[in-house]
Amino acid sequence: MPNGDIMNKNKSFSLEILMRGVFLSCAAVSILAVLLICLFLFANGIPGIGKIGLLDFLTGTSWKPNDIPASFGILPMIVGSCLVTLGAISIGVPIGVASAVFMAFCCPKNLYKILKPAINLLAGIPSVIYGFFGMAAIVPVFGNSIISACILLGLMILPTVIGLSESALRAVPEQFYEGALALGSGHYRAVYRVALPAAKSGVMAAVVLGVGRAIGETMAVIMVAGNQARMPKDMFPIPKGLFRGIRTLTANIVIEMGYAAELHREALIATGVVLLIFILIINLCFGDTLRRKKQ
Amino acid sequence: MSCFDIKNLNLYYGDFQALKGINMNILKNNITAFIGPSGCGKSTLIKSLNRMNDLIENCRITGKVELFGESIYGDMDVNLLRKRVGMVFQKPNPFPMSVYDNIAFGPRTHGIKSKPQLNEIVERSLQDAAIWGELKDRLGKSALGLSGGQQQRLCVARALAVEPEVLLLDEPTSALDPISTGKIEELLLTLKNRYSIIIVTHNMQQATRISDYTAFFLLGEVIEFGPTENLFSMPVDKRTENYITGRFG
């Protein structure tokens, strides 16, 4: 019956449109969330920055919200966040990439069955638990300090770095590796000189995501970093300076938000704005590395 | 003089026997072609000559393969073996690095560090592979930007850079157009004075054009092995005749 056929087609057609709408609105939820977060932060943070003055806020070296007059300089916290991130990267990336190489190219199957779930579990552990671990195992050795924060964050970014690097390494065509072996190269030389460079963009993406994870981490850092606002000159002489405490942007917000009011509160939200901008920059870089990978 | 002496070689993938009692004497400074339908064992055999089969799990080998009188499955260093027996693969596989670094990879692997020496090797290898003229101004460019034919000749040059004694080619032109194929064939003919060449090919015209000896494989066995001219003009075995006249395969 031709008529029924057309009816059917129309019905499935409208269902198509309906489902499309469902999927679209689901996707829109995340976009909306991002927009709302940005809107809230900027709307509440910008006035604060305006009152303090952008330059005083970003480059001021003293954070004394309770003094009269109060001073709201977050440079020490920016330095703190950058420093612990840098430290975390320099600990986590070499270990993570080497683990990924091991897992992708050298790992016996039986060991892999243990290693892979262990690393996935590491990714799922709540950061407050990491914090406890840091207090129990790292702080007794290194104190509440920059170095403790770096070590702990280095551990925390491992699953991110390992997971992404491993999949990048596994995506390297077997033929590169075989080609290297056929020239008389040993296994490790083939892996390090051919497969690893071939996976470079994927590994870079892993590093960038690791940076994002480290700079945004809050709870674990608060628990081990000591949380004193400090300038770079206090870090010297190295290594003694590295055993002093430090405060990150994230820690600054969480520690004081509970009792802050008025300008102090606005300054903390503005700190969040700065952090968000950092994350946005990192994500732009990440998008960029991915684009280059596709080319 | 023979370069490879294969005696009663059997190869198993798990329970499957891929090569059955292979006996061959492959002569030096000749081009030897392996032909036969897919899955007949010709690629398997070529890969057991530089022990690339070592990479495959459950691969077991019995029998003897001698390279200029030395057993390659004995205590010979496998990396040294692969330096002496170069290989070019079916799909061009230049490394994702510059043309120069591709060629220099092998020599660097074997300990050559001096820049002038590497420069010389790169130039000589590219010249031997008849691609120097095309690439001399692009040494610093990524090898992945070359055409398929250029990539394959680059891979030949890369194999030559470690000064092998034997060159194995596993269907080196099956992914190339006729013009690039012609260039590779021409190249192999010029190389046979200095190297012993073994080529696996699906293309029987290619075997007649360039090879001195041809071996016909079927189901893991060498059915017939002899001078190319004889094998194609008066095959002894009925199965060879059926294959080369296109009656099966």
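So, how was this worked out
- Residues numbered from 1 in each chain as written.
- Chains lettered and ligands numbered in written order.
- Predicted model: local features only at pLDDT ≥ 70, side-chain atom pairs only at ≥ 80, totals over all residues.
- Heavy atoms only, no water.
- Phe/Tyr/Trp six-rings, centres within 6.5 Å; stacked < 30°, edge-to-face > 60°.
- Buried < 20%, exposed > 50% of the residue type's maximum accessible area, 1.4 Å probe, protein only.
- Helix = DSSP H or I, 4+ residues; strand = E, 2+ residues; numbered from the N terminus.
- Pairing = 2+ DSSP bridges.
- Right-handed = clockwise from strand over helix to strand, strands pointing away.

Q: Now, about the packing of aromatic side chains: what can you tell me, with residues and values included?
A: In this description, an aromatic ring pair is defined by two values, namely the gap between the centres and the angle between the planes. Inspection of the entire model under this criterion finds seven aromatic pairs over all chains. On the basis of an interplanar angle of 75 degrees and a centroid distance of 5.5 Å, the ring pair of W63 of chain A and F72 of chain A is categorised as edge-to-face. Neither W63 of chain A nor F72 of chain A differs from the other in exposure class; each is buried. Where F95 of chain B meets F105 of chain B, the ring centres are 5.0 Å apart and the plane angle is 65 degrees; that geometry is what we call edge-to-face. Here F95 of chain B, found in the loop between β6 (85-88) and α3 (99-109), pairs with F105 of chain B, found in helix α3; they are ten residues apart in sequence, far enough to count as distant. Note on F95 of chain B: relative accessible area 0%, which makes it buried.

Q: Outline the pairing of strand β7 (residues 166-170) of chain B, supporting the account with residue identities and numerical values.
A: Residue and element names in this part refer to chain B. Summarising burial for β7: five of the five residues are buried, a large majority. Across the two faces of β7 the burial is the same, with V166, L168 and D170 and L167 and L169 all buried. Two strands pair when backbone bridges link them, and β7 and strand β8 (residues 196-200) are joined in this way by five bridges, in the parallel orientation. Counterpart to D170 in the pairing with β8 is V200. With helix α7 (residues 178-191) bridging β7 and its parallel neighbour β8, the resulting β-α-β unit is right-handed.

Q: Explain the pairing of strand β1 (residues 2-13) of chain B residue by residue, including any values.
A: All names here are of chain B. Where β1 and strand β2 (residues 16-27) come together, eight bridges link them in antiparallel fashion. Paired with D5 across the strands is N25, a residue of β2. Remark: two residues form the turn of the hairpin made by β1 and β2, two consecutive strands paired antiparallel; G14 in that turn has positive phi of roughly 60 degrees.

Q: Any chance you could break down the sheet that holds strand β4 (residues 59-67) of chain B for me, citing the residues and the numbers?
A: The strands that make up a sheet pair up through hydrogen bonds in the backbone, lying either parallel or antiparallel. Residue and element names in this part refer to chain B. The strand order across the open sheet formed by four strands is β2-β1-β4-β5, and the pairing between neighbours is antiparallel. Taken across any chain shown, the strands that pair with only one partner, and hence form the sheet edges, are β2 and β5 (70-71). Note that β1 and β4 share eight bridges and pair antiparallel. By the bridge assignment, D5 is partnered in β4 with E66.

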